Amino acid sequence: EAAAKPRELSPAAAARQKQHRQFVRMIAKVSDPSTVFEVRLDGNEKALTVRQRLMKAADEAGREIVVRKSDKGWLVGLATPERRSRRGRRKSGTD
């Protein structure tokens with residue numbers, strides 16, 4: 001029995017997949033905290049969606065990143081103790 005031929009991706013899905021692979025590659029290249037790159041949004045991309053994709057790509061690349069708003073999109077860099085978010089509850093035991 002031959003395996004079912006994978007369905008053709010819609011142009012939008014193919015574009016998302018391409019963008020995702022590009023994000024993973026770019027994040028994997030960031031090797032030290034001084035390296036930062038900017039992701040610029042085009043008119044029809046939602047900023048939060050792109051941010052979520054960046055976080056997912058970082059997870060796949062095995063990197064902990066921080067994403068900050070810039071004029072034209074997002075700035076992405078490695079997470080350092082100073083850059084990490086201080087929002088939310090403190091971890092118990094550390095004051």
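Refer to the preceding data block for the structure.
Computed from a predicted structure; not experimentally measured.

Engineer: Quick one: what's the story with the nonpolar core, residue by residue and with numbers?
Structural biologist: Of all hydrophobic cores here, the largest spans 16 residues; its most connected members are I27, V39, L54 and I65. Counting residues per element, the ones that place at least two in this core are helix 1 (11-29), strand 1 (36-40), helix 2 (47-61), strand 2 (65-69) and strand 3 (73-78). The biggest single contributor to this core is helix 2, with five residues.

Engineer: Provide a residue-level description of the packing of aromatic side chains, including the pertinent values.
Structural biologist: Each aromatic ring pair is characterised by the separation of its centres together with the angle its planes make. On inspection of all chains with the given rule, the structure shows zero aromatic pairs. The lysine or arginine in question, K69, covers the ring of W74, its NZ or CZ lying 4.7 Å from the ring centre.

Engineer: Residue-level account of the side chain of Q19, with values.
Structural biologist: By secondary structure assignment, the location of Q19 is in helix 1. For Q19, a relative accessible area of 13% corresponds to the buried category. With residues up to four places along the chain from it excluded, the contact list for Q19 reads E45 and R53.

Engineer: I'd like a rundown of the pattern of salt bridges, residues and numbers included.
Structural biologist: For the coordinates displayed, the defined rule picks out two salt bridges. We note a salt bridge from R40 to E38, for which the minimum N-O separation is 3.2 Å. Notably, a salt bridge pairs R84 with E64, separated by 3.0 Å at the nearest N-O pair. Of this pair, R84 sits in the segment after strand 3 while E64 sits in the loop between helix 2 and strand 2, placing them 20 residues apart in sequence. Note on E64: relative accessible area 48%, which makes it partly exposed.

Engineer: So, helix 1: which residues are in play, and what are the values?
Structural biologist: For helix 1, spanning 19 residues, the distance from its first C-alpha to its last is 27 Å, which sits close to the expected 27 Å at 1.5 Å a residue. Buried within helix 1 we find A13, Q19, H20, F23, V24 and I27. End-on, the buried residues of helix 1 take up no more than an arc of 140°, which puts them together on one face. Looking at helix 1, the residues exposed on the side facing more than 90 degrees away from the buried face are P11, K18, R25 and K29. Close packing links the buried residues of helix 1 with strand 1, helix 2 and strand 2.

What counts and how
Residues numbered from 1 in each chain as written. Predicted model: local features only at pLDDT ≥ 70, side-chain atom pairs only at ≥ 80, totals over all residues. Heavy atoms only, no water. Core = buried A, V, L, I, M, F, W, Y, C linked by side-chain atoms within 4.5 Å. Buried < 20%, exposed > 50% of the residue type's maximum accessible area, 1.4 Å probe, protein only. Helix = DSSP H or I, 4+ residues; strand = E, 2+ residues; numbered from the N terminus. Phe/Tyr/Trp six-rings, centres within 6.5 Å; stacked < 30°, edge-to-face > 60°. Lys NZ or Arg CZ within 6 Å of the ring centre and 35° of its normal. Contact = heavy atoms within 4.5 Å. Salt bridge = Lys/Arg side-chain N within 4 Å of Asp/Glu carboxyl O. Expected span 1.5 Å × (residues − 1). Arc of directions from axis to C-beta.

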